[in-house]
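# Observations on the three-dimensional arrangement
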Amino acid sequence: MYSKKWLIKGLFGLMALSLFMACRKRDALPPENYVVFETAAQGITSNETSIIVKLKLQHATTADLPVELNLTQLDLVYGTDYTTEPATTSGKLTVTIPVGSTETSFKLIKVPGALFDGDEQLVVDITKTPEPILVGLTKKFTLNFAELVSTVSTATINGGGASFPNKVFIDLSANRHTGVLRTNWDLGFYCGNEDFRVTLNSSNTMMAKQINKTDLTQVSTADTLGFSVDAAFSQFNPLPGQLPYIDYPNGDLNRTAIASIANTASDNKVYIINRGVGVTGGSRGWKKVRIIRNGSGGYTLQHADIAATSFTTIDISKDDIYFFKYVSFETGAVPVEPVKKKWDIAWTYFANITNFGSGEVPYMFQDIIILNRNVQIAKVLTATKAFSDFGQADLAAQTFLTTQNAIAADWRSGGGPTSAPAVRTDRYYIVKDGDNNYYKIRFTGLSQNGERGYPSYESVLVKKG
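Okay, so let's go over this structure. This one's a predicted model, so the numbers in the text were calculated from it and none came from an experiment. (Residues numbered from 1 in each chain as written. Predicted model: local features only at pLDDT ≥ 70, side-chain atom pairs only at ≥ 80, totals over all residues. Heavy atoms only, no water.)

### Notes on the overall build of the protein
- Scanning the protein from N- to C-terminus turns up one helix and 30 strands.
- Taking all 465 residues of the protein together, 48% fall into the buried category.
- A fraction of 63% describes how many contacts in the protein between residues 6 or more apart in sequence connect residues 24 or more apart.
- Here the protein has roughly 22,100 Å² of accessible surface; of this, 52% comes from carbon and sulfur atoms. (Helix = DSSP H or I, 4+ residues; strand = E, 2+ residues; numbered from the N terminus. Buried < 20%, exposed > 50% of the residue type's maximum accessible area, 1.4 Å probe, protein only. Contact = heavy atoms within 4.5 Å. Areas by Shrake-Rupley, 256 points an atom, 1.4 Å probe, with all protein chains shown as cover.)

Structure below.
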């Protein structure tokens, strides 16, 4: 017969083993995965005919995941005032997060001819998700059928991960993000009346060099000598000699790699284009381009592969609602940045400059913040005024900057080959947008679930324009 002491020891041993096994099982469970709306509220203006509403997951899915949404209408009628893609069924809308993805969306489309007073609202709730997906805190989305001036917002920027594939345009007042794959375009064409300027895609280490020829068919690989793809600058390979071949990063249109497009066609030379590298690395190759004016209202782009004996022609008209219109060498005209007043700052991988002691060199930075051309910013140190204490009365004392890279990497520290990056918590920024709204914005994170490419911020309206 077993002794009482032995039985007690055995019982405690079994309990300890059970607890150990339970802990091991818990350790093996996948992390919780929440689905949320990208933002809690947005506005659709009278000039907009449609809007994309996004939902986000914390972690990529391992299977297609349907998410059921419920629509509540205020002074709206589905089919009469608006429709959706995908369509609703009995007031419910189902969207699917595809396998391997962290987001999905639906499109709301105004019915042509529908009239709105500006007080209409559509409230969308996440009502059903498949196991093991959970519903997060931002489970309700409100769409206002009028211009929205957001007062307080916290958001995570979907840069796409550690390879920083996206450039993300941020509209603080509308609480809206517009992400574009940074390899989707090559050249930007200025729409302002005062000049004809063309910019490079500075998020792909692109460079341009003028040669003394005006006929694309007479240009070949021999013209690239001394301008090697292999010598392209990179994040860890700054090259002083390449600075003249990039757009100067402060946004000055008088310092672009491609000169102002002359009115006389014969004055416009051919440029050799080094397209830089792709999102996953690897050279994007060579192009040869020539740009002339198309009357008084636009541009004509001639482009071809470096060894081609013929070329493609694209006409680009100016449009005053944009600062730039964009072209891809593969697909032609492409949408990139929103209209002038629909973005304030952008997060991107970017060809900025740095100085290692012997002068400025181009240097690729991750997590760069750039400004729109109608935006101004001022930096405030928390030692001068705490973020929570900054108010309208403090605006007059600020010195505002307008250069494109006025923030750049100032909001974070480190990040080079030898140091880990971190958000600087001793500063924040005042943003004056194109409608004279003033926001204070501070950055709160560099990553999501340990992965770079998902920075976060908090913005608060200080003064409405």
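Following the structure, the description resumes.
### Observations concerning the side chain of N250
- You can see N250 is positioned in the loop between β16 (207–210) and β17 (270–274).
- Once residues lying within four places of it in the same chain are set aside, the contact partners of N250 are T403, Q404 and N405.

### A word on unusual backbone geometry
- A cis amide bond, omega 0 degrees, links E85 with the succeeding residue P86.
- Looking at the element boundaries, P86 is found in the loop between β5 (82–85) and β6 (92–97).
- Residues E131 and P132 are joined by a peptide bond in cis, for which omega reads 5 degrees.
- Note that P132 resides in the loop between β8 (121–128) and β9 (134–135).
- With a phi close to 40 degrees, F164 is a non-glycine residue in the positive phi region.
- With respect to the helices and strands, F164 occurs in the loop between β11 (152–156) and β12 (166–171).
- Judged by relative accessible area, F164 falls into the buried class, the value being 11%.
- The phi torsion at D367 lies on the positive side, around 65 degrees, for a residue other than glycine.
- Residue D367 is classed as buried on the basis of its relative accessible area, which comes to 0%.

### Notes on the packing of aromatic side chains
- By the definition in use, this model includes 17 aromatic pairs.
- Ring centres of Y78 and Y82 lie 5.1 Å apart, and the angle between their planes is 85 degrees; on these two criteria the pair is classed as edge-to-face.
- Arranged with centres 6.5 Å apart and planes meeting at 65 degrees, the rings of F443 and Y457 form a pair that is edge-to-face. In this pair, F443 sits in strand β29 (residues 438–448) while Y457 sits in strand β30 (residues 451–463), placing the two residues 14 residues apart along the sequence. Exposure class is identical for F443 and Y457. Each is buried.
- The rings of W185, Y190, F324 and Y326 are connected pair by pair, giving a single aromatic cluster.
- For R255, the ring lying beneath its charged end belongs to Y248, and the centroid distance is 3.6 Å.
- Cation over ring: K440 sits above F387, and NZ or CZ is 5.0 Å from the ring centre. (Phe/Tyr/Trp six-rings, centres within 6.5 Å; stacked < 30°, edge-to-face > 60°. Lys NZ or Arg CZ within 6 Å of the ring centre and 35° of its normal.)

### Here's the deal with the environment of Q448
- When you line up the elements, Q448 lands in strand β29.
- Of the residues examined, Q448 reaches a relative accessible area of 24% and is grouped as partly exposed.
- Here the alpha-carbon distance between Q448 and Q58, two residues 390 residues apart in the chain, equals 8.0 Å.
- Each residue touching Q448, except ones within four places of it in the same chain, is listed here: Q58, T156 and Y454.

### Regarding the layout of surface pockets
- The computed volume of the largest pocket comes to approximately 1,200 Å³.
- In this structure, the largest pocket is lined by 44 residues; those nearest its centre are E48, R176, T178, P338 and V339.
- Elements supplying a minimum of two residues to the lining of the largest pocket: β3 (50–57), β7 (103–110), β12, β13 (176–181), β20 (312–317), β21 (324–328) and β22 (332–334).
- With six residues, β13 is the single largest residue contributor to the lining of the largest pocket.
- Looking at the lining of the second largest pocket, the elements with two or more residues in it are β1 (34–37), β3, β11, β29 and β30. (1 Å grid on protein atoms, 1.4 Å probe; cavity = no way out; pocket = protein on both sides within 12 Å on 5 of 7 lines; lining within 4 Å. Points joined across faces, edges and corners; volume = space filled by probe spheres on them.)

### A word on the side chain of E458
- Examined against the element boundaries, E458 turns out to sit in strand β30.
- Look past the residues within four positions of E458 in its chain and what remains in contact with it is S153, T154, F387, K440, I441, R442 and T444.

### Section: the nonpolar core
- Within the largest apolar cluster, 39 residues are counted, with the highest numbers of intra-cluster contacts made by L187, F189, I258, Y299 and L301.
- Counting residues per element, this core draws most heavily on strand β24 (residues 360–371), which supplies four residues.
- When sequence neighbours within four positions are dropped, the list of residues in contact with L187 reads V198, T199, L200, M206, I258, L301, K325, Y326, V327 and F329.
- With 26 residues, the next largest nonpolar core counts L172, W347, Y349 and V375 among its residues. (Core = buried A, V, L, I, M, F, W, Y, C linked by side-chain atoms within 4.5 Å.)

Taken by themselves, the reported measurements are silent on function.
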